[in-house]
Amino acid sequence: MGLRGGPGRLWHRGRRALRGRRAWVWAAALLAALVVFPTVASAYHVALGLALLADVAMASAWTLFSGPTRYLSLAAAAFYGVGAYVTALLGARAAWPAPIVAGAAAGALLSLPVGLLALRLRGPYFAILTFGLSELVRHTVIWYESNVTGTVGRVLVLPLERRTLYWGLLVIAVAAVASAILVRRSRWGLALAAIGGDEERAEVLGIRPTGVKVAVFALSAGLMGATGAAIAPRWTYLDPHIAFNPLISFQVIIMALLGGVGRPAGPVVGALFLGLLSEVFLLQFRYLYMIVLGSVLILVVLGLPHGLMGWRAEARTEELGRRLRWAIARRIPRRFAMRRQYQLFVDGEWQDVPGRRTFPDVNPATGETFTRIAAADAAMARRAVEAAERARAEWGELLPAVRAGIVLKAAQIWERRSDDLQRMLTTETGAVRAKTGFEVGYCTELIRQAAALTYQASGEVAPSNVAGKINYFMRKPVGVVSVISPWNFPYILTLRAVAPALALGNAVVLKPSEETPLAGGLLVGEVFEEAGVPPGVLNVITCARSEVAEVGDVMVTHPAVGVVSFTGSTATGRVLAEKAGRHLKRIVLELGGKSPIIVLEDADLDLAVSAAAFGGFFHQGQICMAATRIIVEHSLAGALASQLVDKLGTLKMGDPSDPQTAIGPITSPTQLEKIQAHVDDAVAKGAKVLIGGHRRGPYFEPTLLTGVTPQMRCYHEETFGPVVALTAVKNADEAVRLANDTSYGLSAAIITRDPERGMALAGRIQSGIVHVNDSTVHDEPHAPFGGIKGSGLGRHGGRAAIEAFTEIRWVSLQTERRHYPFDR
Ligand code: NAD
């Protein structure tokens, strides 16, 4: 099936997964607690502990085996009871571990014929059939026990010593989780996750679903049989039959279905909750209630045609789900809850840097350091590039559907976590609600669109001047891509390079801005890690301002790096371009802008005011495409200025977490000073302030200037704040001349009621992007985004990403004997 792995690799990865110091501390503490527990707890509590441990182990295993194994797990669950019964029958006669081994074997063996029988059935029908069969087996065994062997109740006096049992179970639990982790981390596991339960896709991937089904079915049934067998004797204080089906089975159903969603927390918490509930119910009310409750749940779950996941997608339940999530979120800390310190992500591990150096991450609205971030140096950057270099070949060779599956899963996780992602963005960058909503939502589409690129890196078959030769021009991943991103739209500007570069088969080393190490880097790392990107394929290096140059140097000049994707200021871009040139590296540069909006005299004034307000002041003007220059024909200038001033006066400035706020804080004190300096310089040289002009704490008032001339800094330089210059011109020609009078050329807009004239003028503007009857601030995931002149080189987005992150190779095939000049 074209997948490689092998035990050596799995062992190596398993060891690497445990290498983090924290993992050892947790593992040691857990082991100590588990050793002490049976010596201090009562028999009942040990039994309860065993049951819960088993539930959690099963839930963890199923979570990791999500996707195609979801329904197989359901079916295997049925044999949980079988294993337990075999143990119960043998338990009275044979010594440990024979009953457990026999139980496991029985579970696995019985599952195979059923599995083979049911292979043609899909999803829930497969589960229903196997559950029905299991019920048959269960009742037969009960009948046999009651009427033939008379062993009912024998299990009550099983001679197993509870500590032996405890350790037996512990070993099984650890083995279950460890094997699940190892399989998940292997390429085979990756493929399993990518199939996502869809057998047709499995076939497309070249993976025979039948083989996978049989293997996974036998494995999980064996696991179940062993676990069931090991737990059977815990019912020494209860009637053994009440606990099998439906109680255990419905726990398993819920765990497995939740497991299909791929989040460990849900199934594990669910297992704990249901385990506790069942114990309490069993002790208090006996089995009748459990059978009723269990049966209802089984009916509900199996009655859903597409399982819980399909059900969740329906609008009615989506609302319910949202409310539930909200209720849970208020009580349980979420994974994206802010931590006190963040590690960086290299070679699939979250790590501290040597010496545990960190730098502060500051909330611009409050000035508080809300967390600290690992501060890498050049050596760490080299480790990241080397990890990427090791990982790239295997990743690049994966089938497109497998890579697309992982990238799509990242989009799904991104969408699911959008509330958290928005909250973090506000904390780290001071972004207002409208901006966080837009940015996070846009990224879901961006990642989805990137997934589609896996199928689009196509080449050409070309004619040849040599008889019998076929020329192939093929696209191949470049290998390692360095991504350096800025702070202003950290999610988008990071993901627009990272997602396509990964989808196209490259490994990535990402360095976010030191102002946004979380949004621009570490959170992206978390999402892709959860989606199943293998170790080393995505590495996130965070560093303090003082180390940026040395880290950046490695990211550009390291021999393993094939392409650099940089988004940031023109000044930094020039430095990096020089370095890249010296080392003959390809570099895509998305740099600064000084974007104009041209408002012609026939323009819709209302549209012009709205487009100018949004373009100039959204995210406090801290956007590369910001409309910092409004160039308007004389006849409309007065009305436009006064209506824009009125509009800016209504924009609420302040706490970015308040949904009413339109203008949030400026990202840093340095940036605030720069904006104030630009305004003061303009005023000193004769510009007039129509509104604003001052900083207020961490905020800067929306500012509209007139009379800005080439002698002023803000005429040429990027202010990167809420400062816009309005200039009246005689006619469209003068407007075009002024629009082009800049060293930048990123975005531009023309507002006119005459679309043809607008399109004609667009062709005369020196800019990578021109929008007619829209603002300058606009991007779409599939559009070729980028600037000319001082605004950059190369493009991001859609097919442009294929140009950026792949290279073309010429391979030819000579089909008939070629004759060379030296031939006689
Ligand atoms: P910046 O140039 O200061 O930093 C951008 C990135 O480069 C950061 O990650 C930074 O750490 C890194 N960096 C800085 N010096 C480096 C060095 N010597 N070697 C390697 N990396 C280095 O820019 P910024 O202040 O983060 O962002 C604002 C700028 O980005 C503005 O000029 C804006 O117009 C531009 N920008 C452009 C686009 C676009 O698509 N064209 C988009 C957003 C922002």
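Structural data are supplied above this passage.
Residues numbered from 1 in each chain as written. Predicted model: local features only at pLDDT ≥ 70, side-chain atom pairs only at ≥ 80, totals over all residues. Heavy atoms only, no water.

A. View of the sheet that holds strand 15 (residues 688-691). Pairing within the open sheet is mixed, and its seven strands lie in the order 15-18-19-14-13-20-21. The sheet is open, and its two edges are formed by strand 15 and strand 21 (769-772), each paired on a single side. With direction set aside, neighbouring strand axes in the sheet form an average angle of 25 degrees. Strand direction decides the pairing type here: strand 18 (residues 703-706) and strand 19 (residues 723-729), joined by four bridges, are parallel. Looking at the pairing, Thr706 lines up with Leu726 of strand 19. Across the face of the sheet, helix 25 (residues 634-650) comes into contact with strand 13 (595-599), strand 14 (627-633), strand 15, strand 18 and strand 19 while running at roughly 140 degrees to strand 14. Where helix 29 (residues 755-762) meets the sheet, its contacts fall on strand 14, strand 20 (747-751) and strand 21, and the angle it forms with strand 21 comes to roughly 170 degrees. (Pairing = 2+ DSSP bridges. Helix = DSSP H or I, 4+ residues; strand = E, 2+ residues; numbered from the N terminus. Axes fitted to C-alpha atoms, helices over the stretch in contact; angles between N-to-C directions. Contact = heavy atoms within 4.5 Å.)

B. How the structure looks around the pattern of salt bridges. Summed over all chains, the structure comprises 22 salt bridges. Among the salt bridges present, the one from Arg696 reaches Glu701, with a minimum N-O distance of 2.8 Å. On the basis of relative accessibility, which here comes to 45%, the residue Arg696 falls in the partly exposed class. Residue classification places Glu701 among the buried residues on the basis of a relative accessible area of 15%. Across the salt bridge formed by Lys730 and Glu734, the nearest N and O atoms sit 3.7 Å from each other. Since its relative accessible area comes to 62%, Lys730 is described here as exposed. (Salt bridge = Lys/Arg side-chain N within 4 Å of Asp/Glu carboxyl O. Buried < 20%, exposed > 50% of the residue type's maximum accessible area, 1.4 Å probe, protein only.)

C. Structural detail: the site of the ligand. Neighbouring the ligand are 29 residues; Ser485, Glu514, Ser569, Leu591 and Glu718 lie closest to it. One of the side-chain nitrogen or oxygen atoms of Lys511 is found 2.7 Å away from an oxygen atom of the ligand. Here an oxygen atom of the ligand and a side-chain polar atom of Glu514 are 2.6 Å apart. Against a free-state accessible area of 840 Å², the protein chains account for coverage of 91% of the ligand. At the level of secondary structure, the elements contributing two or more residues to the shell around the ligand comprise helix 20 (490-503), helix 22 (548-557), strand 11 (561-567) and helix 23 (570-582). Here the element with the most residues in the shell around the ligand is helix 22; it accounts for three residues. Considered class by class, the residues forming the shell around the ligand number 14 nonpolar, nine polar and six charged. (Near = heavy atom within 4 Å. Polar contact = N/O pair within 3.5 Å; in protein donor to acceptor, adjacent residues only side chain to side chain. Areas by Shrake-Rupley, 256 points an atom, 1.4 Å probe, with all protein chains shown as cover. Nonpolar A, V, L, I, M, F, W, Y, C, P; charged D, E, K, R; others polar.)

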